[in-house]
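Working through the structure, step by step
These are the residues of each chain, in order.
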Amino acid sequence: MNDSQATREVFWNITQVWAMYALLVPTLVIAGFGFYRRVRVWKRGLPLDRTDRPIERIRKLITHALAQRRTTRDTSAGIFHTLIYTGFIILTLATTVVFIHQDFGLPIMRGKFYLYFQSFLVDVFGALTIVGILMAAFRRSIQRPKKLVYTDEAAMILAVIFLIAVTGFLVEGWRIAATSDPWGHWSPFGYLIARASGPLMSDETLKQSHAAVWWTHAVLVFGFIAWAPYTKMAHVAFSPFNIYTASLAPVGASLRHIDFDKAETLGVNSLAAFTWKDLADFDACTECGRCTNFCPANTVGKSLSPRDIILDLQLFMRNSERGIQNGNSALRTPHSAFNSPIIGTVEATSPDALWACTTCGACMEACPVFIEQMPKIVDMRRFLVMEEADFPDTMQEAVTSIESRGHPFRGTSLGRMDWAEGLNVQTIDQADDAEVLLWVGCGGALVERNTRVTRATAQLLEKAGVSFAVLGREEKCTGDPARRIGNEFLFQNLAKENSDKLNRHGVKKIITACPHCFNTFRNEYPQFGGNFEVYHHSQYLARLVDEGKLKPEKKSEKKVTFHDPCYLGRHNDEYDAPRQLVKIASRSNPIEMKQSREQSFCCGGGGGMSFIEEPPDKRVNGERARQILETDAERVAVGCPFCMTMLEDGINARKGERDVRVMDVAELLWESVSADVRG
Amino acid sequence: MNIVVCIKQILDPEVPARDFRIDSERREAARGSANLVTNIFCENALETALQFRERAGGRITVLSFGSESAEDSLRKALAMKADAAALVINDGHPHPDPFAVARALAAAIRKIGDFDLILVGRESGDWGAGQTGALLAEELGVPCVNFVDHIDSDSDGLRLKRQTDAGWEIFAAKPPVVVTITNDEHNVPRVPKTRDVMMSYRQTLTKWTLDDLDTDAASIRAANSYYEIVDLLIPVKETQCEFIEGDSLESRVENLARRIQEVTDAL
């Protein structure tokens, strides 16, 4: 028989096909209602524009929804998910082909296309889907990684799609057997079933079984479609939607602006105070647990779990629609439930958990569907700080110190210019024609260890002949810790004051050794009229070396590892400049830790956490120090004053007799370009 | 119960030691880069008043005698939820002596009206004279209890918990009374809610000059009736290290004792 005639009869052996079409109607209605119900809730959130820059959004959709770049980062989950996901797509395409062929009367399901695609490819991908499902089931029932959520729903979903796939093969196999399909072998797995069943079943049994399983398959598929939007399978639609509407800004620019003239409540303590996108985020969660798995606070045993924040609020949101709160059936109106407090009323949002976040952004980087966990945590902190004035004492001290003294380091014995003693550093008043401003930062000026980094940076700039000046006593905190702790009001006042001051001095370019200041200038000050060309010192110094203005003379023999500062790396996508400096200053390439670059592990100092005394057995810097000491590095290069103090503490507590020192990249470079090693 | 809390704005006492300078011409601390803050004991007094109001009710007025900038301290007090604020602008001597301050405050308090309880900090972090409270009580002709860290009320009047070297004393007092407040773990000033900080800028704040008050404004402006600052200097700390030698323990102890004797005699 000629291959060009190859096809099959669509409803072979099936009578009352109308029943299937009839079933389609309630299926689509129920499924549609499931989606509608979710979207209806989102519409109660505050407005936010997430439809701008469509080209970039489509690109993101292709990379992360279609090609699933983030999903496949986790090898085991990546493999099984790819198998099931591609299986679903291929099988859905196959069904669409049948639909076009049968219901549109376009006979496309024939010939080579029928054989290569509709028979062979679909059959293989169906089998791979089953492999994927079995892998997922193995992971869920035998491996049981801690990051997953173990629900009956998840198990049911696997069981149902497994049955759908298996019944599909049975229908195919028994049809091939009963019709002696001449092209049957093009569907290898169906053909196997046909060959195996043939000798065991009579034609009549085959036909009866085929019809029964066909209907079972149809009912399962329709049932699954109707049920899916009510389960985490809704991610099939919500994930691409969430990726399309994700923030296009860098992580460092993800905190929401508050308009104090208009805001009814400051910060968030109810679902009603979230934007629609925040609410959509709750529904988009696929329960993969990667956010919590990568959360440094969670890793060291603190109660913070970004996954649980999202899932608990998802449950809270769903219950609120039914007027249920806190899992009890004390009925309220959906409106009052939607407006009722969320902080501490679901387990994951306890103040303890909220005050453990370092705002490192590892959760956001890990999330395959681009949920923004960290900004929600900061939103809730804002409520605690600004509406309740209820936050940890030592953070209060830092904030009060910023308020009254312009820096968070209460009790420092240093002044703003002490670091420059003996150097020829000019303030902007003395050198108003300076080309760049060296923003020293509170850490760089007021924390003893970091003053040496500031010295090294200033000396390098001087050596390279850069015309620079500092603000000196006029310098004040950029407001980063205040903002991350949740005092947006203080932050905005500082942002306006500093922007005005810098504009008044005619500052165009800023260099800073603090990634927090860097991020604030780069991503947050433009809203307050502060538009500057901002460089992290590693970027500027690397450029000076490239341009030949700094000439490294000797290379260190020490083995160096580089610890990515969250606010330089994940928040602003700069991973290479500091590594380049390490390479310049040492004989070998930097040693990479297991968690580096995008997946770097926080030092524990961001988000105002440097101002909190952590319990000795739950210190983020201790864990990072452990990871560092796992390598055989002798020098830990850093590029942030907070990392410097956190990692020095962590390393010194653990290193024992080993010679391991924490050094800023500028110090390494200064050692390399200067004859005087000590600077 | 009408409560008046007197507060003073001072130069930040936490300015790093090496940034601290003296303006010997003016015989005062140089402002330098230091900020102006509310004196901590005054904040303890306000916190004590706020907690007392939570238990017993009442109305709190914060009062300051100082420069225009003292408005910041009063606004902060309003943010902490004081009910009203009044500033007597000092256009006279920049560092009035405690007697002048007490007379200005007393005149302002009489202008505010009926009062039951006047709270002041036990001393200020700049000059540290620690006399304003007692002098104010004299001016107003009411009793004064010092070094109190907690105030309660019962049917007989007030119960004041006073810190002493030996422990605490509980005083029963009938208002009106002036109380100076010292710090304690329970009266650490609260952090105001941001919403209240924002609101504090919209609240009215009464401003008076000395001429608005029923007092001898000229002598308060002169502020030299009581004491005069003749000179001001930063104490120079000198340390000398000396090892006491000796052949045996006994002789070293003996030498040490003799050396101590010599040094103390020389002082």
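Rules behind the numbers
- Residues numbered from 1 in each chain as written.
- Chains lettered and ligands numbered in written order.
- Predicted model: local features only at pLDDT ≥ 70, side-chain atom pairs only at ≥ 80, totals over all residues.
- Heavy atoms only, no water.
- Helix = DSSP H or I, 4+ residues; strand = E, 2+ residues; numbered from the N terminus.
- Buried < 20%, exposed > 50% of the residue type's maximum accessible area, 1.4 Å probe, protein only.
- Contact = heavy atoms within 4.5 Å.
- Areas by Shrake-Rupley, 256 points an atom, 1.4 Å probe, with all protein chains shown as cover.
- 1 Å grid on protein atoms, 1.4 Å probe; cavity = no way out; pocket = protein on both sides within 12 Å on 5 of 7 lines; lining within 4 Å.
- Points joined across faces, edges and corners; volume = space filled by probe spheres on them.
- Nonpolar A, V, L, I, M, F, W, Y, C, P; charged D, E, K, R; others polar.
- Salt bridge = Lys/Arg side-chain N within 4 Å of Asp/Glu carboxyl O.
- Domains from an automatic or database assignment.
- pLDDT = per-residue confidence, 0-100.
- Patch = residues over 30% accessible without salt bridge, like charges linked within 9 Å, V, L, I, M, F, W, Y side chains within 5 Å.
- Axes fitted to C-alpha atoms, helices over the stretch in contact; angles between N-to-C directions.
- Left-handed = near helix turned anticlockwise from the far one by under 90°.
- Pairing = 2+ DSSP bridges.
- Buried area = accessible area lost by both parts, 1.4 Å probe.
- Polar contact = N/O pair within 3.5 Å; in protein donor to acceptor, adjacent residues only side chain to side chain.
- Expected span 1.5 Å × (residues − 1).

Our focus in this paragraph is the overall build of chain A. Looking only at helices and strands, chain A has 27 helices and 7 strands in total. Dimensions of chain A, computed from C-alpha atoms along their principal axes, come out at roughly 100 × 60 × 45 Å. Within the span of chain A, comprising 679 residues, buried residues form 59% of the whole. A separation threshold of at least 6 residues defines the contact pool for chain A, and within that pool the share at least 24 residues apart is 79%.

Now for the overall build of chain B. Each helix and strand in chain B was counted, giving 7 helices and 13 strands. For chain B, the C-alpha atoms occupy an extent of roughly 75 × 50 × 40 Å along the three principal directions. Residues counted as buried form 42% of the 267 residues belonging to chain B. For chain B, the share of sequence-separated contacts (at least 6 apart) that also reach a separation of at least 24 residues comes to 73%. Of the roughly 14500 Å² of accessible surface on chain B, 50% is carried by carbon and sulfur atoms.

The next point concerns empty space enclosed by the protein. If a probe as big as a water molecule is rolled over the atoms, it shows which places are left empty. Residues and elements named next belong to chain A. In total, this model carries 8 cavities of 30 Å³ or more according to the counting rule given. Its volume calculated, the largest cavity comes out at about 140 Å³. Lining the largest cavity are 18 residues; nearest its centre among them are Cys442, Gly443, Cys514, Cys517 and Phe642. Listed by contribution, the elements that provide at least two residues to the lining of the largest cavity are α18 (441–446), α20 (480–485), α22 (515–524) and α26 (641–654). The element that contributes the greatest number of residues to the lining of the largest cavity is α18, accounting for 4 residues. For the lining of the largest cavity, the residue count by class is 11 nonpolar, 5 polar and 2 charged.

One can find Gln131(B) in the loop between β8 (117–121) and α4 (132–140). A relative accessible area of 28% means that Gln131(B) is categorised as partly exposed.

Quick look at the pattern of salt bridges now. Residues and elements named next belong to chain A. Enumeration according to the criterion identifies 65 salt bridges over all chains in this entry. The shortest N-O distance in the salt bridge between Asp181 and Arg175 comes to 2.8 Å. Accessibility assignment for this pair places Asp181 and Arg175 in one class, buried. A salt bridge links Glu475 to Arg416; the shortest N-O distance between them is 3.5 Å. Of the two residues, Glu475 is situated in the loop between β2 (468–469) and α20 and Arg416 in the loop between α17 (393–405) and β1 (436–439); the sequence distance between them amounts to 59 residues.

In this section: the domain arrangement of chain B. The domains assigned to chain B are domain 1 (2–222) and domain 2 (237–267). The distance between the C-alpha centroids of domain 1 of chain B and domain 2 of chain B comes to 48 Å.

In the predicted model, chain B carries a mean pLDDT of 92, and the fraction of residues at 70 or more is 100%. Within chain B, the lowest mean pLDDT, 86, falls on strand β4 (residues 28–29) of chain B, and the highest, 98, falls on strand β12 (residues 177–181) of chain B.

The grouping of Phe99(A), Phe104(A), Leu106(A), Ile108(A) and Phe113(A) at the surface amounts to a nonpolar patch, some 490 Å² of accessible area in total. Assessed through its relative accessible area of 41%, Phe99(A) is described here as partly exposed.

The next point concerns the packing of helix α3 (residues 75–103) of chain A against helix α4 (residues 111–143) of chain A. Residue and element names in this part refer to chain A. Close contact between α3 and α4 brings their axes to 7 Å; oriented N to C, the two are set at 145°. Where α3 crosses over α4, the handedness of that crossing is left-handed. The residue inventory of the contact of α3 with α4, partitioned by class, reads 22 nonpolar, 7 polar and 1 charged.

So, about the sheet that holds strand β4 (residues 533–536) of chain A. Residues and elements named next belong to chain A. What the 4 strands build is an open sheet, ordered β2-β1-β3-β4; its pairing is parallel. In the strand order of this sheet, the two ends are held by β2 and β4, each with one partner. Alignment of β1 against strand β3 (residues 509–512), held across 4 bridges, turns out to be parallel. Its bridge partner being in β3, Trp439 is matched across the sheet by Thr512.

Quick look at the interface of chain B and chain A now. Tallying the contact residues gives 15 residues for chain B and 25 residues for chain A. Buried area between chain B and chain A, both sides added, is near 1800 Å², and the carbon and sulfur share of it is 47%. Among the residues of chain B in contact with chain A, Glu14(B), Val191(B) and Arg195(B) are the three that bury the most area, contributing 31% of the side total. Its salt-bridge partner being Arg410(A), residue Glu14(B) comes within 2.6 Å of it at the nearest N-O pair. Counting across the chain B and chain A interface gives 7 residue pairs in polar contact (both at pLDDT 80 or more). With 4 residues, the top contributor of residues to the side of chain B that touches chain A is helix α5 (residues 194–200) of chain B. In terms of residue class, the side of chain B that touches chain A is built from 6 nonpolar, 3 polar and 6 charged.

This brings us to unusual backbone geometry. All names here are of chain B. Of note, the bond from Pro175 into Pro176 is cis; its omega dihedral lies within 30 degrees of zero at 0°. Backbone geometry at Lys81 places phi at a positive 95°, although glycine is not the residue there. Tracing the backbone shows Lys81 in the loop between α2 (70–79) and β7 (84–89). The class for Lys81 is partly exposed, based on a relative accessible area of 42%.

Right, let's talk about α22(A) for a bit. Here α22(A) lies mainly inside the structure; 9 of its 10 residues are buried. When we look at burial in α22(A), the residues that qualify are Pro515(A), His516(A), Cys517(A), Phe518(A), Asn519(A), Thr520(A), Phe521(A), Asn523(A) and Glu524(A).

What follows concerns the environment of Trp208(B). Residue and element names in this part refer to chain B. Assignment of secondary structure puts Trp208 in strand β13 (residues 206–209). Spatially, the C-alpha atom of Trp208 lies 6.2 Å from that of Ile89, the residues being 119 residues apart in sequence. Those residues within four positions of Trp208 in sequence are excluded, and the remaining contacts are Ala86, Leu87, Val88, Ile89, Ala108, Lys111, Ile112 and Leu213.

Once that is clear, we can look at helix α19 (residues 448–463) of chain A. All names here are of chain A. In this model, α19 (16 residues) spans 23 Å end to end at C-alpha, consistent with the 22 Å of a helix rising 1.5 Å per residue. Those residues of α19 that fall on the buried side of the exposure criterion are Arg449, Asn450, Thr451, Val453, Thr454, Ala456, Thr457, Ala458, Gln459, Leu460 and Leu461. Just past α19, the residue Gly465 takes up positive phi, approximately 75°.

All names here are of chain B. Burial within β8 is extensive, with 5 of its 5 residues counted as buried. The two faces of β8 match: Leu117, Leu119 and Gly121 on one face and Ile118 and Val120 on the other face are all buried. Judged from the 4 bridges that link them, strand β1 (residues 2–6) and β8 form a sheet pairing that is parallel. Opposite Val4, over in β8, you have Ile118 as the bridge partner. Here 5 bridges tie β8 to β12, and the two strands are oriented parallel to one another. Residue pairing across strands places Val120 opposite Thr180, the latter belonging to β12.

Let's shift gears to the domain arrangement of chain A. How big an interface is tends to be stated in terms of the accessible area lost upon association of its parts. All names here are of chain A. Entries for chain A in the domain assignment read domain 1 (19–49 + 51–243), domain 2 (267–387), domain 3 (407–546) and domain 4 (560–673). Computed over C-alpha atoms, the centres of domain 1 and domain 2 are 31 Å apart. Approximately 3000 Å² of surface area, both sides summed, lies buried where domain 1 meets domain 2, with 51% of it carried by carbon and sulfur atoms. Linking domain 1 with domain 2 are 3 salt bridges. Our count for the domain 1 to domain 2 interface comes out at 16 residue pairs in polar contact (both at pLDDT 80 or more). If you list the elements that add at least two residues to the side of domain 1 that touches domain 2, you get α1 (17–42), α2 (54–66) and α8 (235–244). Its residues assigned to classes, the side of domain 1 that touches domain 2 comprises 12 nonpolar, 7 polar and 11 charged.

Moving on to the sheet that holds β1(B). Residues and elements named next belong to chain B. The 9 strands lie next to each other as β11-β10-β9-β12-β8-β1-β6-β7-β13, forming an open sheet whose pairing is mixed. Among the strands making up the open sheet, the edge pair consists of β11 (167–173) and β13. Adjacent strand axes in the sheet meet at a mean angle of 30°, parallel and antiparallel pairs treated alike. Where β1 and strand β6 (residues 59–66) come together, 5 bridges link them in parallel fashion.

Relative to the helices and strands, Asp281(A) resides in helix α9 (residues 276–284). Residues within four places of Asp281(A) in sequence aside, it is in contact with Asn242(A), Ile310(A), Phe370(A), Ile371(A), Glu372(A) and Lys376(A).

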